[in-house]
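# What the coordinates show
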Amino acid sequence: MINHANILIVEDETIARDNLTHVMTEAGHTVIAVGSGTEALQKIGKQEFELVLTDLMLPGMNGIELLEHIKEIQPATQVIVITGHATVDTAVVAMQKGAHSYIAKPLNLDELRAQVHNALERQALSVEVLRLRQVLEEGKQDFPLVGQSDQIIKLKKTIEQLAHMDCNVLIQGETGTGKELIARGIHMLSPRSQERFMAINCGTFTAELMDKELFGHEREAFTGAQRGQKGILEVANGGTVFFDEMSELPLNMQVKLLRVLQERNFLRVGGTQEIPVDIRVVSATNCDLKEEVEKGTFRQDLFYRLNVVTLSAPPLREHREDIPVLIGHFLEKHRTETQSIETISQETLDILMNYSFPGNVRELENISQRALALARGTIFSPDLLPEEIRNIDRSKPLRTLEEVERDHIEKVMLATNGNKTQAAKILGIDRVSLWRKIKRHGLEK
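Now for a quick tour of the structure. (Residues numbered from 1 in each chain as written. Predicted model: local features only at pLDDT ≥ 70, side-chain atom pairs only at ≥ 80, totals over all residues. Heavy atoms only, no water.)

### Let's talk about the overall build of the protein chain
Cut-off, in case you're wondering: A helix here means a DSSP run of H or I that spans at least four residues, while a strand means a run of E at least two residues long, and both kinds are numbered starting from the N terminus. The globule rule used here is 2.2 Å times the number of residues to the 0.38 power, and the radius of gyration it is set against is calculated over C-alpha atoms. Three labels apply to residues, based on accessible area from a 1.4 Å probe with only protein chains included: buried if under 20% of the type maximum, exposed if over 50%, partly exposed otherwise in between. By the counting rule applied here, Lys and Arg register as positive and Asp and Glu as negative, while His and the ends of each chain are not counted. By convention, charge coordinates are those of NZ in Lys, CZ in Arg, CG in Asp, or CD in Glu.
Along the backbone of the protein chain there are 19 helices and 14 strands. For 445 residues, the compact-globule formula gives about 22 Å, and the C-alpha radius of gyration of the protein chain, at 28 Å, lies well above that figure. Taken along its principal axes, the extent of the C-alpha atoms in the protein chain is 90 × 60 × 40 Å. Within the protein chain, the fraction of its 445 residues that count as buried is 46%. Distance between charge centres in the protein chain, computed from 52 positive and 64 negative side chains, equals 5 Å.

If you want it as structure tokens, here you go:
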């Protein structure tokens, strides 16, 4: 999750300061260590830190006073207070002033590492919430696809490239993966961005209603049509039309849409005059359109018209590292004056990071909205999760390390099509070690 961070250590005892520096550096973080609160504030004024580890008893300014200054200068920075004079009162004061946690000396290194990990996870979420809030306050239109994983960054770059090509695009992916957001991103970054983006779900209309919705109708074209009306294609002229669940489009409508794409004109229902249209078509499906073509439920000629370029929307389980960022985005998107969550507990995050998310990003958004509706404070705690998610791990027997390793190696081998060199690189081991593990786990083919 958080592999590297800038950490400031504030400790007046040289040995303790050196030990903390060694532990944090060994964990892969960049560390600056100082001996007083005054020196710490000088560093904080010049550089941003994700985390500050500070002793409570310092010469001059104490740890609580330093904590207050840090929260004024860098609100998202997490602070862990360390002391050899632990009392309930000082712990309460530290937490009230905004400390992430409070650790007593002598330090338990496992506890310290766990608290650092938790603090950095919370800091990442806090930064995202602050960034999103700033975007909203400034009225900027942010790119609709949220995420920082390699998969999402690569997808964004592909979208940016495709946006200027003005070709038809087919987006494939499971339900809830954000296919419409991808389509909106293509439109937003294209030369057509100043024109309309119109979306239609092909699975929600009968063939007759779809006909009227897409092409519009003339006056008295059918009973009750007292005036003519433009359809989606006419309204979106010059812009982009997004067809969601394209596989559900009735065959007779497939013929009409194919004609529009070929001839660039259409007739309103009940009309005789051809209307020219200039649109870009982006379509989406959660099934394999090639299979639908083979089954005869989807026209092959239309498939090739739509499938100039294909994009894949990855399921959330394949880019879990985006879960904290997405939660921050949804909490900010749906917050109100009376419903606001600023942080997420580590236990909640752990549960969500280990959940399979069959409903993908849409399910995570629903979970976030539910938490906002039920929250009585500013922390997203486990009790705000749906019961079936909160208890899912308790209902499953724990697996052995051998079982986990076997499953992971098998998944990597499948993903690399059996390429042992590539698989060994992903797993972080040499080829010989991989071969031995494959043999031990009985994965030879």
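Structure shown, so let's carry the discussion forward.
### Some details on unusual backbone geometry
Working note: non-glycine residues mostly have negative phi, and peptide bonds are mostly trans. With an omega of 0 degrees, the peptide bond running from lysine 105 to proline 106 counts as cis. Within the element layout of this structure, proline 106 appears in the loop between strand 5 (101–104) and helix 5 (109–138). The residue glutamate 245 is not glycine, and still its phi comes out positive at about 50 degrees. Relative to the helices and strands, glutamate 245 resides in the loop between strand 8 (240–244) and helix 10 (251–263). Assessed through its relative accessible area of 16%, glutamate 245 is described here as buried.

### Brief notes about the pattern of salt bridges
Put simply, the test is: Salt bridges are defined as contacts in which a side-chain nitrogen from Lys or Arg sits within 4 Å of a carboxyl oxygen from Asp or Glu.
Tallied over the full model, the rule gives 20 salt bridges. Two residues, lysine 105 and glutamate 11, come together in a salt bridge whose shortest N-O distance is 3.1 Å. Pair noted here: lysine 105 is in the loop between strand 5 and helix 5 and glutamate 11 is in the loop between strand 1 (6–10) and helix 1 (14–26), with a separation of 94 residues, a long-range link. For glutamate 11, a relative accessible area of 2% translates into the label buried. For arginine 317, the salt bridge goes to glutamate 174, with nearest N and O atoms at 2.5 Å.

### What about the environment of isoleucine 429?
The line we're drawing: Whether two residues touch is decided by their heavy atoms; if any such pair falls within 4.5 Å, the residues are in contact.
Relative to the elements of secondary structure, isoleucine 429 occurs in the loop between helix 18 (420–427) and helix 19 (431–440). For isoleucine 429, the residues in contact, after removing those within four places along its chain, are Ala424, Leu434 and Lys437.

### Quick word on the pairing of strand 11 (residues 280–285)
We apply this condition: DSSP bridges decide pairing: two strands pair if at least two such bridges lie between them.
Most of strand 11 sits inside the fold, with six of its six residues counted as buried. Residues Arg280, Val282 and Ala284 of strand 11 are buried on one face, and the alternating residues Val281, Ser283 and Thr285, pointing to the opposite face, are buried as well. As paired elements, strand 6 (residues 169–173) and strand 11 share four bridges and run parallel to each other. Counted as the bridge partner of glutamine 172 is threonine 285 from strand 11.

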